[in-house]
Amino acid sequence: MSLEIILRSGLSTGTILLFAAIGEILTELAGIQNLGVEGMMLLGAMAAFKTALATGSPWLGLLAGIAAGGLLSLAHALVTIHFQADQVVSGLSLTFLGTGLALVLGEGLTGQNAPLISNATIPLLSKIPWLGRIFFADLNILVYIGYLLIPISWWYINKTRPGMHLRAVGEKPAAADSLGINVYGVRYLYTFVGGCLAGLAGAAISIAISPGWYSNLTTSGQGWIAVALVIFAQWNPLRAALGGYLFGMLRRFMLDLQGPMLLFGLRNPFFYNHNLVFFLQMMPFVLTIIALVWGSASARRLRIGAPAALGIPYVRGERG
Amino acid sequence: MSLPYHLRIQKRTEEVPRWLPLATSVGAIILAFLISALILLLIGGDPIRTFGYFFNAAFGSWGALSDVVVKATPLLLIGLGCGLAFRMRLWNIGAEGQFYIGAFFASLVPLVPLVDMETTPKFVILLMMALLGMLGGGLYGFIPGYLKAKFNVSEIISTLMLNYVAVFFNNYWIYSEFSDAGFQMTPVFAKSAWLPRLADYAQEVRAFSGITLHLGVVFGLIAAFIIWIIMSRSRWGYEINLIGDNPQAARYAGINITRNVILVFMLSGALAGLAGMSEVSGVVHRLQERISTNYGFSGVIVAWLAKLNPFATILVSFLFGALIVAGREIQPSGLYFFIQGTILFLVISSDVLLRYKIELVRTAPEEAK
């Protein structure tokens, strides 16, 4: 067990959660909750893997993954924005739909080897003592793209005009509409962007960070964790990134706990009774719940939280 | 654009025709099968043969039909529980976890064993198992209910996370304490812990031989009746409906929302726990991995398709039981999820027809310029 390995592994697997969570933040800021992240991720992972396998290009695979997630999200957008359907039920069915499509179209992909997006070392930054070796050396290219996405998305949401429109639509759609913002258009756009990022997260699994196609075990519930992360992050990309990386490190730490015979000078119970590992595997999920309890308590204290119109369909001309 | 006709979408002001909700649901299901057929065609399958096979696998014989009812039983119990929670706009996506914990609690009776399995009367054992199953599921439903009521933690996320926790918890016991000689399952329960099946009476009635239908389905039917009584004939049901429709009004009326959120979540969990008991005691006869094939999530869909009506839940769970039975026979295996997702999508989309009137009207000449 080494700190360096845990940190680096957390950065890698955290990137997957980061993409999906930032996508969901953008969607939710527009007032649309999309619980179908898991389905979009799985479809993205399948599309990316299959395309990379067929074309020999991992970058085309990445594009296919992004497109698949985005296209699937449009079903949710249509049903919730135009048909004003319940967003929770629609999101759940999106997960079923995405999972089903991914399994049907992904038949026979298991065990194949697709070309992968490679690792890279950043020339100058990697020379920084210790930090450079951890953050900027021999990590997957997508991890660095994740680094860039964090400040960009924060800046976009908080400092730009389209970002302000986005938040206005999620907080008070009727007021935004009266200012000439196209509420439906904005909601479609960010549902689609959220879907694209979920697709990217899926692709990041299957052709980059933990490559391969293992049917629905490929994502194994990470989409749901991303949704939880959004609440924990209070719709702030910086907090989402921190949460994603921490979660990744935690998972690795749990895994590494099983290795040594001695733990802090004591007999390691997880080494001697391997079945206790099941309790370790529970911990990420338990901690997510604890983080939510803690997060919702602090959210109440600080008076911040969900966009005011989250989950509420907007109908032009009705009292909003 | 100057088309001679255009669509006019108007909010319905008059009463929705009584046949319309049923018609849209049936239409959505038919359309879902057509879309799935299209997908099958696109990937080079033969939809007609697949669906013929599908139908045969579900309804082709008494044995198949009994399998359908057996699969429908947990869906019915879970669907009833989820429907109850949805009435209060609570999203219990955690039936899967409550199912596992219920199955675990019920299995304690024959596995520990809590009573002498030889001498105790069978109905006492089964009653204990059913009660413990409901207790386990109810306690596991208490957690998200309490977190929702006290800390306003999103029940969607907490129930989802608890699903994973329950599966790992279950795995721990079947891999260690209760493992059958190191296999990833417990030993088979003593016969006295088995719910009676029709096949048990094959000696008296020849036709019952090999029919796996078990008593669990009766639990489901009784539960449907009880839920109906609660929701439409009791003061508690009135409170639940009021909280669901207008929480503000309910609060002014002095209804204790915190208590009701927790209670409804516990009852919802108890029904899922009973489903878990019915499955281990009626079908699997041991505790093992994957005793649920996504019953928790399918139950959510069943509840929604049934428009939260207990009797409609019976019908819809039967349909989904058929989907499961046929689904495990056909390839590719993901088709089953896909059909489920499509049905649900189309049903929620078709709800727009209930709220709006969509007409094709001739465009007036002065508008068309």
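What you see is a predicted model; the values in this text were computed from it and never measured.

Moving on, we get to the overall build of chain B. The number of helices and strands found in chain B is 13 helices and 2 strands. Taken over C-alpha atoms, the radius of gyration comes to 23 Å for chain B, in line with the 21 Å a tight globule of 369 residues would show. Overall, the C-alpha framework of chain B stretches about 90 × 60 × 35 Å when taken along its three principal axes. The long-range fraction of contacts in chain B, counting pairs at least 24 apart against all pairs at least 6 apart in sequence, stands at 78%.

Turning to the overall build of chain A, a few remarks are in order. Summing up its helical and strand segments, chain A has 13 helices and 4 strands in all. Since a compact globule built from 320 residues should have a radius of gyration of about 20 Å, the 20 Å found for chain A is in line with a globular shape. Taken over the C-alpha atoms alone, chain A extends approximately 65 × 50 × 45 Å along its principal axes. Within chain A, buried positions represent 51% of all 320 residues. Within chain A, contacts between residues at least 6 apart in sequence are counted, and of these 78% link residues at least 24 apart.

Residues and elements named next belong to chain B. Put simply, helix 2 (residues 47-59) and helix 3 (residues 62-87) touch, their axes get as near as 5 Å, and they point 85° apart. Classified by the angle between their axes, helix 2 and helix 3 sit roughly perpendicular to one another. In this structure, helix 2 contributes Ala-57, Ala-58 and Phe-59 to the contact, and helix 3 contributes Ala-64, Leu-65 and Val-68. A class-by-class count of the residues in the contact of helix 2 with helix 3 yields 6 nonpolar, no polar and no charged.

At the interface, 40 residues of chain A touch 38 residues of chain B. Every element with two or more residues in the side of chain A that touches chain B is listed here: helix 3 (58-82), helix 4 (87-105), helix 10 (222-232) and helix 13 (277-302) of chain A. Residues belonging to the side of chain A that touches chain B are distributed by class as follows: 28 nonpolar, 10 polar and 2 charged.

Under the 1.5 Å per step criterion, the end-to-end length of helix 11 (residues 237-256) of chain A is 29 Å for 20 residues, consistent within 8% with the ideal 28 Å. Buried residues of helix 11 of chain A: Pro-237, Ala-240, Ala-241, Gly-243, Gly-244, Tyr-245, Phe-247, Gly-248, Met-249, Arg-251 and Arg-252 of chain A, and no others.

Residue and element names in this part refer to chain A. Membership of the largest hydrophobic core comes to 207 residues, with the highest contact counts inside it found for Ala-20 and Ala-21. Considering each element in turn, this core owes the most residues, 16 residues, to helix 9 (residues 183-209). Aside from chain neighbours lying at most four places away, what touches Ala-20 is Val-37, Met-41, Leu-197, Ala-198, Ala-201, Gly-223 and Ala-226.

Note the cis peptide between Val-112 of chain B and Pro-113 of chain B, where omega equals -15°. Within the element layout of this structure, Pro-113 of chain B appears in the loop between helix 4 (95-111) and helix 5 (122-151). Phi at Asp-138 of chain A is positive, roughly 50°, even though this residue is not glycine. Within the element layout of this structure, Asp-138 of chain A appears in the loop between helix 5 (131-135) and strand 2 (139-140). Classification of Asp-138 of chain A by C-beta neighbours within 10 Å gives exposed; the count is 12.

Attention shifts here to the packing of helix 1 (residues 3-29) of chain A against helix 11 of chain A. Residue and element names in this part refer to chain A. Running from amino to carboxyl end, helix 1 crosses helix 11 at an angle of 140°, the nearest separation of the two axes being 7 Å. The angle between helix 1 and helix 11 falls in the class oblique. Two packed elements cross with a definite hand, and for helix 1 against helix 11 that hand is right-handed. For the contact of helix 1 with helix 11, the per-class residue count stands at 16 nonpolar, 7 polar and 3 charged.

So, about the environment of Gln-87 of chain A. All names here are of chain A. Along the chain, Gln-87 falls in helix 4. It is 6.2 Å that separates the C-alpha atoms of Gln-87 and Gln-33, two residues lying 54 residues apart in sequence. Those residues within four positions of Gln-87 in sequence are excluded, and the remaining contacts are Ile-32, Gln-33, Thr-80 and Gly-311.

Once that is clear, we can look at helix 2 (residues 37-55) of chain A. All names here are of chain A. For helix 2, built from 19 residues, the straight-helix expectation of 27 Å at 1.5 Å per residue is met to within 8% by its first-to-last C-alpha distance of 26 Å. Within helix 2, 16 of the 19 residues are buried, which leaves the element mostly enclosed by the surrounding structure. Directly beyond the C-terminal end of helix 2, a positive phi value near 80° is found at Gly-56.

Moving on: the environment of Gln-248 of chain B. One can find Gln-248 of chain B in helix 9 (residues 247-252). Measuring from C-alpha to C-alpha, the distance between Gln-248 of chain B and Gly-63 of chain B comes to 51 Å, with 185 residues separating the pair along the chain.

Let's shift gears to the confidence of the model for chain B. Across chain B, the average pLDDT comes to 87, with 96% of residues at or above 70. In the model output, the complex is listed with pTM 0.88 alongside ipTM 0.84.

What counts and how
- Residues numbered from 1 in each chain as written.
- Chains lettered and ligands numbered in written order.
- Predicted model: local features only at pLDDT ≥ 70, side-chain atom pairs only at ≥ 80, totals over all residues.
- Helix = DSSP H or I, 4+ residues; strand = E, 2+ residues; numbered from the N terminus.
- Rg over C-alpha atoms; globule rule 2.2 N^0.38 Å.
- Contact = placed C-beta atoms within 7 Å.
- Buried ≥ 20, exposed ≤ 12 C-beta atoms within 10 Å, placed from the backbone.
- Axes fitted to C-alpha atoms, helices over the stretch in contact; angles between N-to-C directions.
- Parallel < 35°, antiparallel > 145°, perpendicular 65-115°, else oblique.
- Nonpolar A, V, L, I, M, F, W, Y, C, P; charged D, E, K, R; others polar.
- Expected span 1.5 Å × (residues − 1).
- Core = buried A, V, L, I, M, F, W, Y, C linked by C-beta atoms within 7 Å.
- Left-handed = near helix turned anticlockwise from the far one by under 90°.
- pLDDT = per-residue confidence, 0-100.

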